[in-house]
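Coordinate inspection notes
Single-letter residue listing:
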Amino acid sequence: MTNKTSFLAASLSSLLALALGACTSEVADGGNAPADGPVPISFQTPETRAAKDGFDAGDAFSVWGWYADDAAGTNSRQVFDAEKVTNGGGNLWSYDGTQYWIAGKTYDFYAVYPTDVNAQVSRNGTITIENFDASQTGADAVDLMTASATEMNGDSPQMVGLRFGHELTRIAFAVKMSDDMPVGYKVNVHTLSFVAYGRGDMERANGVEAQWVFEDNDWKNFQLDDKLQNNADITATGTSNNAVVITPADLLMIPQTISQQHKVRMNYTLDNGKPADDPAYQYINNTIDIPLTNASLPSWQAGEALTYTIIISRQNVTVVLS
């Protein structure tokens with residue numbers, strides 16, 4: 001059974017508008033500002049995301065922004081160009097200099113996290129990221145998120161609430177003893193690797209699902225031997241056996257179509273739980289390659305969390321989604 005859960009982080013999608021006076025005054029770059037004085041443009045961000053529990057001091061995203069005379073983009077002018085917005089602790093954010101809301105203008109903002117990716121944003125909101133590297137795993141995994149806040153009204157300045165969406169897929173591998181495995185049998189997983197695209201170019205048109213392009217040299221063999229966990233002494237209970245996740249928490253993969261080249265390789269030992277000097281002792285050491293197409297999942301999608309469960313019996317090994 002396929003169970004695909006979204007790990008999109010929650011964010012502040014609506015924010016209180018600042019009270020403004022009826023009169024206006026000139027601002028430095030033309031246009032009008034509230035009589036109480038110019039209102040700085042400031043940002044709010046999600047409280048949590050998949051890779052970490054909340055933003056830490058020093059975390060940052062890049063923001064692009066434009067204003068125009070109307071929602072159609074008439075007389076457009078750029079106000080942010082990959083500006084780095086940095087967390088100063090808690091939910092306090094800042095950027096160099098200060099930009100102010102202008103009354104009568106319509107604003108569009110776009111953001112990319114993290115800042116050290118090769119990202120560009122066009123005036124129409126198309127986000128392009130070249131040569132994104134998703135080859136790191138575990139604690140070194142790089143999350144990728146994008147956000148937008150469009151058609152904001154300069155007549156009613158408010159904090160820009162950026163609802164970040166995840167552009168990657170989180171996957172995991174689990175091991176399960178088949179339910180007909182006799183009680184006491186145990187498996188130890190010694191090595192596990194899988195093949196997938198680990199690098200690619202992304203383009204996301206405003207409001208449209210992102211598209212990824214790969215080259216032949218973007219394939220990577222993800223070797224997880226030194227990152228395995230809970231992988232020893234997985235023991236059959238003689239009734240219904242549980243699946244045990246053995247890979248690190250953050251395998252963040254680029255969304256991609258699953259083909260026959262997508263495979264998992266695992267080396268494991270299986271024994272019947274008896275002492276090695278017992279005449280009834282049984283033991284095998286096996287290495288197996290399993291195409292991920294066997295799980296009948298056509299593709300990885302942005303924002304999904306997927307677990308591939310490898311089921312071990314005395315006769316064969318299969319992989320399913322759970």
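What comes next is a walk through the structure.

Below, the discussion takes up a negative patch on the surface. A surface patch of like charges, here negative, comprises Glu130, Asp201, Glu215 and Asp216. Structurally, Asp216 is set in the loop between strand 17 (211-213) and strand 18 (219-223).

Attention shifts here to the nonpolar core. Side chains of a nonpolar character, in soluble globular proteins, are inclined to be buried together. In terms of nonpolar packing, the biggest core is built from 36 residues, with Phe173, Leu192, Phe194, Trp300, Tyr308, Ile310 and Ile312 touching the most fellow members. No other element matches the five residues that strand 15 (residues 186-197) contributes to this core. Not counting residues up to four positions away in its chain, the partners in contact with Trp300 are Thr169, Ile171, Phe194, Ala196, Met253, Ile254, Pro255, Gln256, Ile258, Leu292, Leu306 and Tyr308.

Spatial ordering of the open sheet is given by 7-6-5-8-11-13, a layout of six strands whose pairing is antiparallel. Taken across any chain shown, the strands that pair with only one partner, and hence form the sheet edges, are strand 7 (92-94) and strand 13 (165-166). As paired elements, strand 8 (residues 106-113) and strand 11 (residues 145-153) share seven bridges and run antiparallel to each other. Paired with Tyr113 across the bridge in strand 11 is Met145.

Moving on, we come to the pattern of salt bridges. In this structure the tally under the stated criterion is nine salt bridges. Residue Arg204 pairs with Glu167 through a salt bridge whose shortest N-O separation is 2.6 Å. In this pair, Arg204 is assigned in strand 16 (residues 199-204) and Glu167 in the loop between strand 13 and strand 14 (169-177), connecting sequence segments 37 residues apart. Taken as a pair, Arg204 and Glu167 share a single burial class, namely buried.

Below, the discussion takes up the environment of Asn231. The residue Asn231 is located in the loop between strand 18 and strand 19 (234-235) in this model. Judged by its relative accessible area of 18%, Asn231 is buried. Apart from the residues within four sequence positions on either side, Asn231 is in contact with Val187, Asn188, Val189 and Ile246. One polar contact links the side chain of Asn231 to the main-chain carbonyl oxygen of Val189, over a distance of 2.7 Å.

Moving on to the environment of Met145. With respect to the secondary-structure elements, Met145 resides in strand 11. Residue classification places Met145 among the buried residues on the basis of a relative accessible area of 1%. For the pair Met145 and Glu167, spaced 22 residues apart in the sequence, the C-alpha separation amounts to 5.5 Å.

The final tally for this structure, using the stated rule, is 20 aromatic pairs. Each ring, one from Phe43 and one from Tyr95, has its centre 6.0 Å from the other, and the planes form 70°; the classification is edge-to-face. Remark: Tyr95 occurs in the loop between strand 7 and strand 8 and Phe43 occurs in strand 4 (residues 43-44); sequence separation between them is 52 residues. Like Phe43, the residue Tyr95 is buried in the burial classification. Between the aromatic rings of Tyr197 and Phe214, the centroid separation amounts to 4.1 Å while the plane-to-plane angle is 5°, which identifies the pairing as stacked. With Tyr197 in strand 15 and Phe214 in the loop between strand 17 and strand 18, this residue pair connects regions lying 17 residues apart in the sequence. Grouping aromatic residues by their ring pairs yields a cluster made of Phe43, Phe61, Tyr67, Phe80, Trp93, Tyr95, Trp101, Tyr107, Phe109 and Phe164.

Okay, the pairing of strand 11 next. Where strand 11 lies against strand 13, two bridges are found, and the strand directions are antiparallel. When the bridges of strand 13 are listed, Met145 appears paired with His166.

Here Thr45 is to be found in the loop between strand 4 and strand 5 (60-68). Thr45 gets classed as buried once you look at its relative accessible area, which sits at 1%. The residues touching Thr45, leaving out its near neighbours within four places in the chain, are Phe55, Phe61, Asn91, Trp93, Leu162 and Phe164.

Glancing now at the side chain of Thr137. Mapping Thr137 onto the fold places it in the loop between strand 10 (127-133) and strand 11. Ignoring any residue separated from it by four or fewer positions in sequence, one finds Thr137 in contact with Phe222, Leu224, Lys227, Asp250 and Leu251.

With antiparallel pairing, four strands are arranged side by side in an open sheet as 9-10-16-17. Each of the sheet's edge strands pairs with one partner strand only, and the pair in question is strand 9 (118-121) and strand 17. Looking at each pair of strands side by side, their axes are set apart by 15° on average, direction ignored. Both strand 9 and strand 10 contribute to a ladder of four bridges, which runs antiparallel. Bridged to Ala119 within strand 10 is Ile129.

Scoring rules and cut-offs
- Residues numbered from 1 in each chain as written.
- Predicted model: local features only at pLDDT ≥ 70, side-chain atom pairs only at ≥ 80, totals over all residues.
- Heavy atoms only, no water.
- Patch = residues over 30% accessible without salt bridge, like charges linked within 9 Å, V, L, I, M, F, W, Y side chains within 5 Å.
- Areas by Shrake-Rupley, 256 points an atom, 1.4 Å probe, with all protein chains shown as cover.
- Salt bridge = Lys/Arg side-chain N within 4 Å of Asp/Glu carboxyl O.
- Lys, Arg positive; Asp, Glu negative; His and termini not counted.
- Charge placed at Lys NZ, Arg CZ, Asp CG, Glu CD.
- Helix = DSSP H or I, 4+ residues; strand = E, 2+ residues; numbered from the N terminus.
- Core = buried A, V, L, I, M, F, W, Y, C linked by side-chain atoms within 4.5 Å.
- Buried < 20%, exposed > 50% of the residue type's maximum accessible area, 1.4 Å probe, protein only.
- Contact = heavy atoms within 4.5 Å.
- Pairing = 2+ DSSP bridges.
- Polar contact = N/O pair within 3.5 Å; in protein donor to acceptor, adjacent residues only side chain to side chain.
- Phe/Tyr/Trp six-rings, centres within 6.5 Å; stacked < 30°, edge-to-face > 60°.
- Axes fitted to C-alpha atoms, helices over the stretch in contact; angles between N-to-C directions.

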